[in-house]
Amino acid sequence: MPITSTASVNGPRLSPRSPLMGWLAVVSVMLGIFAIVTTEILPIGLLTSIGSSFTVSDGVAGLMMTMPGFLAAIAAPLVTVATARFDRRLMLCVFMLLLALANFLAAAATGYWLVLISRIMVGITIGGFWSIGAGLAERLVPPASVGRATAVIFSAVPLGSVLGVPTGTLIGDLGGWRTAFTVIGALTVGVLVMLLLLVPPLPPVQVTRLGVLNDMLRSVNTRFALLLTFLVVLAHFGTYTYVTPFLEQVTHASSALITTFLLLYGAAGILGNFLGGAWVARYPRTVFGLAAGLIAAVTLLLPVLGRWEIGAVILLIVWGVAYGAVPVASQTWFSKAAPHAPEAASVLFTASFQATLSTGALVGGLILDRTSPSALMPLGGCTAVLMVLAVGSRFAERRLTGPHCKERS
């Protein structure tokens, strides 16, 4: 994503097109982001099978999750500046092609180093595609529909997050992990064709500058949004990345049962995204704090109740509901912290989310290789508790400084 208002990159609206074609273009951008998110988190459900194929530990296999996020956080500003003078549709297609090649490379990899190279390509795609796609709604649909179109584009984040792992795990269970990467590669090619056919030429008008980000980072509200996002995403991905080893080693669930558990988690995540989206605009503090509190409770209880299949599946369903609300809650906090620059707020949300996702996967992998899945889960729970305490302190501060304070970030 760009580190400045995407209006400066994407420029003014082009000549009007039919509403149907505009919405089809929006859907194609959304599907592009869905393919990116799904590819990024696909290794979570396939971690142990990929690791065993190349005789690497679960922690080393976790590098597949660590590398793309770090590269995306770095690539976002660099790609934004480097490609600012190129047609935006052309760049969307270039990054979709790169993503397809990354998936096919992973599927055909003869060594783990080739898998890691494919993940580097994924990271560049995340930073590049998001730097363009996040703010394109205003150029694709009439002004009255921009809000809804933006929501459709961003819906790819939670949908990819909650559906990508269980679907990829199901495909991997039926046909092997290489088949899962091949299928998502084919999906990406389909999205590339849609982008070529449905998105109009989008020549840039102004060169992107990075000053908006510096202004945002001076805001106390923005820094607090960064803190909350860091804590809850660190807690989630530091543990959920390695939920498959936990279910295998602690719950002793079969491969088919793990796939079922993750599908239930995904369905619960969709529900959580719907509930979070319905309430977060009015009660951002409550939604964000409740989501973190549920993640804390689940990860603290898993080593105890997760030894039984019924306990594990109930906790995973609760976990899915909780995490489904996290992306929309985090994005809302950033938007409220910088209402004057909504696109730049979305950029900072994605960059921080990606960097913390990778940090969580890396730290979780290091701890897992030295301890066990049962020891890892409570550490993530304690991190989520810190996030709940931070939200509570913010609430107490506002109660003291403003007796008539309404719920807001």
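Residues numbered from 1 in each chain as written. Predicted model: local features only at pLDDT ≥ 70, side-chain atom pairs only at ≥ 80, totals over all residues. Heavy atoms only, no water.

Enquirer: Just checking my understanding: could you explain the overall build of the protein chain for this structure?
Expert: Each helix and strand in the protein chain was counted, giving 20 helices and zero strands. Evaluated residue by residue, the protein chain yields a buried proportion of 56% over its 409 residues. Residue pairs at least 24 apart in sequence account for 87% of intrachain contacts in the protein chain once pairs closer than 6 positions are excluded. As displayed, the protein chain has an accessible area near 15500 Å², and 72% of this comes from carbon and sulfur atoms. (Helix = DSSP H or I, 4+ residues; strand = E, 2+ residues; numbered from the N terminus. Buried < 20%, exposed > 50% of the residue type's maximum accessible area, 1.4 Å probe, protein only. Contact = heavy atoms within 4.5 Å. Areas by Shrake-Rupley, 256 points an atom, 1.4 Å probe, with all protein chains shown as cover.)

Enquirer: Whenever I open this one, helix α7 (residues 112–133) confuses me. Can you help?
Expert: Because the α-helix completes a turn every 3.6 residues, residues three or four places apart line up on one side. End to end, α7 covers 31 Å across 22 residues, agreeing with the expected 32 Å (1.5 Å per residue, within 8%). Burial of α7 is extensive: 18 of the 22 residues sit out of reach of the surface. (Expected span 1.5 Å × (residues − 1).)

Enquirer: How should the packing of helix α6 (residues 88–108) against α7 be read in this particular structure?
Expert: When two helices pack together, you describe them by how their axes are tilted relative to each other and by the distance separating the axes. Look at α6 against α7: their axes get within 8 Å of each other, and the N-to-C directions meet at 160°. The orientation of α6 relative to α7 falls into the category roughly antiparallel. In terms of crossing hand, the pair formed by α6 and α7 is left-handed. Facing Arg88, Met91, Leu92, Phe95, Met96, Leu98, Leu99, Leu101, Ala102, Leu105 and Ala106 of α6, the residues of α7 in contact are Leu114, Ile117, Ser118, Met121, Val122, Ile124, Thr125, Gly128, Phe129, Ile132 and Gly133. Each residue belonging to the contact of α6 with α7 can be placed in one class, and the counts come to 17 nonpolar, four polar and one charged. (Axes fitted to C-alpha atoms, helices over the stretch in contact; angles between N-to-C directions. Parallel < 35°, antiparallel > 145°, perpendicular 65-115°, else oblique. Left-handed = near helix turned anticlockwise from the far one by under 90°. Nonpolar A, V, L, I, M, F, W, Y, C, P; charged D, E, K, R; others polar.)

Enquirer: Mind showing me how you'd approach unusual backbone geometry here?
Expert: Keep in mind that most residues, glycine aside, have a negative phi and that most peptide bonds are trans. Phi is positive for Thr55, which is not a glycine, with a value near 55°. Along the chain, the position of Thr55 falls in the loop between α3 (43–53) and α4 (58–61). The residue His252 is not glycine, and still its phi comes out positive at about 60°. Take His252: it is sitting in the loop between α14 (243–251) and α15 (255–279). Note on His252: relative accessible area 60%, which makes it exposed.

Enquirer: How should I be thinking about a nonpolar patch on the surface in this particular structure?
Expert: A cluster of nonpolar side chains, Leu301, Val304, Leu305, Trp308, Ile310 and Ile314, forms an exposed patch at the surface whose accessible area comes to about 570 Å². Mapped by element, the contributors of at least two residues to the nonpolar patch are α16 (284–305) and α17 (309–324). Here Ile314 is to be found in helix α17. (Patch = residues over 30% accessible without salt bridge, like charges linked within 9 Å, V, L, I, M, F, W, Y side chains within 5 Å. Salt bridge = Lys/Arg side-chain N within 4 Å of Asp/Glu carboxyl O.)

Enquirer: Explain the packing of aromatic side chains here, please?
Expert: To describe a pair of aromatic rings, one takes the distance between the centres and the angle between the planes. As enumerated under the stated definition, the model contains 10 aromatic pairs in all. Measuring from centroid to centroid gives 6.0 Å for Phe54 and Tyr112, while their planes differ by 45°, and the two rings are tilted. Within this pair, whereas Phe54 is found in the loop between α3 and α4, its partner Tyr112 is found in helix α7, the two being separated by 58 residues in sequence. Clustering of aromatic rings is evident, with ring pairs tying together Phe54, Tyr112, Trp177 and Phe181. (Phe/Tyr/Trp six-rings, centres within 6.5 Å; stacked < 30°, edge-to-face > 60°.)

Enquirer: I tried to follow empty space enclosed by the protein on my own but got confused; where do I start?
Expert: Gaps left between atoms show up when a probe the size of a water molecule is rolled over them. This structure, assessed with the given rule, holds three cavities of 30 Å³ or more. If you add up the space inside the largest cavity, you get close to 130 Å³. If you trace the largest cavity, you find 15 residues lining it, with Val37, Glu40, Val157, Phe353 and Gln354 closest to the centre. For the lining of the largest cavity, the elements supplying multiple residues, two or more each, are α2 (19–41), α7, α10 (156–175) and α19 (342–370). Counting residues per element, the lining of the largest cavity draws most heavily on α19, at five residues. (1 Å grid on protein atoms, 1.4 Å probe; cavity = no way out; pocket = protein on both sides within 12 Å on 5 of 7 lines; lining within 4 Å. Points joined across faces, edges and corners; volume = space filled by probe spheres on them.)

Enquirer: I tried to follow the environment of Ala325 on my own but got confused; where do I start?
Expert: By secondary structure assignment, the location of Ala325 is in the loop between α17 and α18 (326–337). Each C-alpha atom, one on Ala325 and one on Gly276, is 4.6 Å from the other, the two residues being 49 residues apart in sequence. In this structure Ala325 touches Gly272, Asn273, Gly276, Val287 and Ala291, once residues within four positions along its chain are discounted.

Enquirer: Please explain the side chain of Ser352 as it appears in this structure.
Expert: With respect to the helices and strands, Ser352 occurs in helix α19. Ser352 has contacts with Leu226, Thr229 and Phe334, leaving out every residue within four places of it along the chain.

Enquirer: I would appreciate a short explanation of the nonpolar core in the present structure.
Expert: Formed by 78 residues in total, the largest nonpolar core has its most connected members in Phe237 and Trp319. The greatest single-element share of this core, amounting to nine residues, is contributed by helix α13 (residues 220–240). Discounting chain neighbours no more than four positions away, the residues touching Phe237 are Ile41, Ile44, Met65, Tyr323, Phe353, Leu357, Gly360 and Ala361. Counting 39 residues, the second largest nonpolar core, distinct from the first, contains Val37, Phe129, Leu136 and Ala149. (Core = buried A, V, L, I, M, F, W, Y, C linked by side-chain atoms within 4.5 Å.)

Enquirer: Please explain the confidence of the model for the protein chain as it appears in this structure.
Expert: Close inspection of predicted coordinates is inappropriate in any region flagged by low pLDDT. Chain-level pLDDT for the protein chain is 83 on average; 87% of the residues reach the 70-or-more range. Every residue in residues 1–15 scores below 50 in pLDDT, and together they form 68 contacts with partners more than four places removed in sequence or on other chains. (pLDDT = per-residue confidence, 0-100.)

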